[in-house]
Amino acid sequence: MTENTGVRLGAAPGSRGRTTIADVVVEKIAGMAARDVRGVYALGSGFARSMGSMRERMPGAGSGKSATRGISVEVGELQAAIDLEIVVDYGVSITDVAAPVRENVISAVERMAGREVVEVNITVSDVKLPDDEEDEGEERQRIQ
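Parameters at a glance
- Residues numbered from 1 in each chain as written.
- Predicted model: local features only at pLDDT ≥ 70, side-chain atom pairs only at ≥ 80, totals over all residues.
- Heavy atoms only, no water.
- UniProt positions renumbered as here; feature names shortened; annotations may be inferred.
- Pairing = 2+ DSSP bridges.
- Helix = DSSP H or I, 4+ residues; strand = E, 2+ residues; numbered from the N terminus.
- Right-handed = clockwise from strand over helix to strand, strands pointing away.
- Phe/Tyr/Trp six-rings, centres within 6.5 Å; stacked < 30°, edge-to-face > 60°.
- Lys NZ or Arg CZ within 6 Å of the ring centre and 35° of its normal.
- Axes fitted to C-alpha atoms, helices over the stretch in contact; angles between N-to-C directions.
- Parallel < 35°, antiparallel > 145°, perpendicular 65-115°, else oblique.
- Left-handed = near helix turned anticlockwise from the far one by under 90°.
- Contact = heavy atoms within 4.5 Å.
- Nonpolar A, V, L, I, M, F, W, Y, C, P; charged D, E, K, R; others polar.
- Patch = residues over 30% accessible without salt bridge, like charges linked within 9 Å, V, L, I, M, F, W, Y side chains within 5 Å.
- Areas by Shrake-Rupley, 256 points an atom, 1.4 Å probe, with all protein chains shown as cover.
- Salt bridge = Lys/Arg side-chain N within 4 Å of Asp/Glu carboxyl O.
- Lys, Arg positive; Asp, Glu negative; His and termini not counted.
- Charge placed at Lys NZ, Arg CZ, Asp CG, Glu CD.
- Expected span 1.5 Å × (residues − 1).
- Buried < 20%, exposed > 50% of the residue type's maximum accessible area, 1.4 Å probe, protein only.
- Core = buried A, V, L, I, M, F, W, Y, C linked by side-chain atoms within 4.5 Å.

The protein chain appears in an unreviewed UniProt entry as Alkaline shock family protein YloU from Streptomyces achromogenes. Database annotation for the protein chain, UniProt heading Sequence similarities (unreviewed entry): "Belongs to the asp23 family."

As C-alpha cells, then:
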C-alpha cells in the first residue's frame, strides 16, 4: 500500500513548499512606500526619531536610519494590517497626503509580499515646520 504524502507528481515546482514572510520585511516595504509620497517628511514620532538619531551617532550602535521606525504590522498567511506614524511637511493637506500613502503602501505590500492588505491606519504625529531645520542645526552644534 502506498501513502499519499500530499505531493502531486507533475505539480509545478513553484507550488511545492511554503513561503514565510517576516513582519520586518513588510515593515520595510511599507516604510519605503510611505516615504515615497510627497508631503511625508519622516516616519515615527518626534521622540522615536530623536532617539534613533542619537543611536545612529553612537559607534557600533547600528547602521543608518531605521527603515521600520514608526511602522507596526500584523502579517498572516494571506493578509496584512499596517499602522504608520508619519510626520508631514507644513502646508500640505493631511488628507491629501494620507490617501496616496495608503495607496502606495497597499500597492507595494500586495505586489512584493503577496499579502492582501486589509487596512492601513495612519497617525500623523507631527508637522515639520520650515524653521525646524535651523533649530536642528543649532542643536547639533551644541552637542558636538
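*Asks:* An account of the pairing of strand β3 (residues 79-89) is requested, with residue identities and associated values reported.
*Replies:* Of the pairings in the sheet, the one linking strand β1 (residues 40-43) to β3 comprises three bridges and is antiparallel in character. Its bridge partner being in β3, A42 is matched across the sheet by V87. Here strand β2 (residues 71-75) hands over to β3 after three residues, the two strands then running antiparallel side by side. Here β3 runs beside strand β4 (residues 116-128); their pairing, made up of 11 bridges, is parallel. Across the sheet, residue I82 finds its bridge partner in β4, namely V120. At this point the chain moves from β3, through helix α3 (residues 94-113), to the parallel β4, and the crossover so formed is right-handed.

*Asks:* Which residues make up the packing of aromatic side chains, and what values go with them?
*Replies:* Inspection of the entire model under this criterion finds zero aromatic pairs. Above the plane of the ring of Y41 lies K128, whose end atom (NZ or CZ) is 5.3 Å from the centre.

*Asks:* Summarise the packing of helix α1 (residues 23-35) against α3; cite the residues concerned and give the values.
*Replies:* Running from N to C, α1 and α3 cross one another at 140 degrees; their axes reach a closest spacing of 8 Å. On the basis of their axis angle, the class for α1 and α3 is oblique. The handedness of the crossing between α1 and α3 is right-handed. Counted together, V26, I29, A30, A33 and A34 of α1 and V101, N104, V105, A108, V109, M112 and A113 of α3 form the full contact between these two elements. Residue composition of the contact of α1 with α3, by class: 11 nonpolar, one polar and no charged.

*Asks:* So what's going on with a negative patch on the surface? Residues and values would help.
*Replies:* The grouping of D23, E74, D83 and E119 at the surface amounts to a negative patch. The topology assignment puts E74 in strand β2.

*Asks:* Any chance you could break down α1 for me, citing the residues and the numbers?
*Replies:* Between its first and last C-alpha atoms α1 spans 18 Å; for 13 residues at 1.5 Å apiece the expected length is 18 Å, and the two agree. Those residues of α1 lying buried are V26, E27, I29, A30, G31, A33 and A34. Contacts from the buried residues of α1 go to β1, β2, β3 and α3.

*Asks:* Tell me about the nonpolar core, residues and numbers included.
*Replies:* If you look at the biggest cluster of nonpolar residues, it comprises 25 residues, and the most contacted ones within it are I82, L84, I86, V101, V105 and V109. Where this core is concerned, the elements lending two or more residues are α1, β1, β2, β3, α3 and β4. A per-element tally of this core places α3 first, with seven residues.

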